[in-house]
Amino acid sequence: MLVLLGDSTAVGIGDLVPGGWRGFGPILSSAFEDNGYRNYAVSGARLADVRLTQLPQALRDRPSAAVVIAGVNDTLRSDFSVRQMHEDLDHICRELVNAGVSVVTVRFHDQGRVFKLPGRLRRVLKDRIDEYNRVIDVVVARHGVRCVDLHTLPGAYELETWAVDRLHPSERGHRMLAQAFAAELRAVGHAVGEVSLECSGGRELTVWHHVAWLLVKGIPWLWRRGADLVPLLWSDAIPAEAPGPAGHAPAVRS
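Residues numbered from 1 in each chain as written. Predicted model: local features only at pLDDT ≥ 70, side-chain atom pairs only at ≥ 80, totals over all residues. Heavy atoms only, no water.

Q: Is there a simple way to explain the overall build of the chain in this structure?
A: From N to C terminus, the chain includes nine helices and seven strands. Considering only residue pairs separated by 6 or more positions, the chain has 80% of its internal contacts joining residues 24 or more positions apart. (Helix = DSSP H or I, 4+ residues; strand = E, 2+ residues; numbered from the N terminus. Contact = heavy atoms within 4.5 Å.)

Laid out in structure tokens, this is it:
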């Protein structure tokens, strides 16, 4: 069985089809020959939510493979703590690996480059993503899990890869993720078929979709996040020390 854990990207937001969000999960599961598929991801979830709620549910399914995508929501909050993120991600991966599950996760790209954030805010958020990526590197090496680097994924910064909100993958972006995850699962011995990048069934975007999203979703989202994001414009990004070798916790910034 294949299980998905994480936030809105794992939910499938950005790839809208008749009936709701699809995303990379159903696309990947259709190529995954091990029977069964469950998606426990929740939009807005943080790593602690994955650890405390989604992980126990997934382990009860006794999956053979799991995709974990979470952490970006943590980097957008005022209580950002790289120590807590390390503890949560390490626990998630350790428990899955100890249960015999093949785990695939991701290193994150520069989201400000896609979302066109103001310069200072982009730099601060990129610093946080960089810190979290160092945590991911340590946890991946410690537990031997597979990892897709979104920054180096071909086409990662092309406009058609992203949905109207520029935060979630489009249908093409979700297919790119499914294709990359399929390759990682094949590398550890799972029977996974090929995943096509040819789009089918997803909604095509127009200029009106972009304008409507900005008015209905984008501005309200920035307003709700204001308490967390606006103070970053006046904060100084503190560079973190590089994490130690596998088996050691990364440098901590709370």
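Let's pick the thread back up.
Q: Please explain the sheet that holds strand β1 (residues 2-6) as it appears in this structure.
A: Sheet architecture is open: five strands sit in the order β4-β1-β5-β6-β7, paired in parallel fashion. Only two strands of the sheet have a single partner each, and these edge strands are β4 (37-39) and β7 (146-149). Recorded for the sheet is a direction-independent mean angle of 15° between the axes of neighbouring strands. For strand β6 (residues 102-107) and β7, the ladder comprises four bridges, and the chain directions are parallel. (Pairing = 2+ DSSP bridges. Axes fitted to C-alpha atoms, helices over the stretch in contact; angles between N-to-C directions.)

Q: I tried to follow the pattern of salt bridges on my own but got confused; where do I start?
A: Close approach of charged atoms allows side chains of opposite charge to pair. Applying the stated rule across the entire model yields 14 salt bridges. Across the pair D15 and R22 runs a salt bridge whose closest N-O atoms are separated by 2.8 Å. Notably, a salt bridge pairs D74 with R46, separated by 3.3 Å at the nearest N-O pair. Remark: R46 occurs in the loop between β4 and α3 (47-60) and D74 occurs in helix α4 (residues 72-75); sequence separation between them is 28 residues. Judged by relative accessible area, R46 falls into the buried class, the value being 18%. Several salt bridges share partner residues, and in doing so they unite D15, R22, E171 and R175 into one network. (Salt bridge = Lys/Arg side-chain N within 4 Å of Asp/Glu carboxyl O. Buried < 20%, exposed > 50% of the residue type's maximum accessible area, 1.4 Å probe, protein only.)

Q: Which parts of the structure should I look at to understand the nonpolar core?
A: Side chains of nonpolar character tend, in soluble globular proteins, to be buried together. Counting residues in each nonpolar core, the largest one holds 58 residues, and the members touching the most others are F24, L28, L96, F108 and F181. Contributions of two or more residues to this core are made by β1, α2 (24-31), α3, β5 (65-69), α5 (82-98), β6, α7 (119-143) and α8 (171-187). Not counting chain neighbours up to four residues away, the residues in contact with L96 comprise L5, L55, L59, A66, V68, V101 and V103. (Core = buried A, V, L, I, M, F, W, Y, C linked by side-chain atoms within 4.5 Å.)

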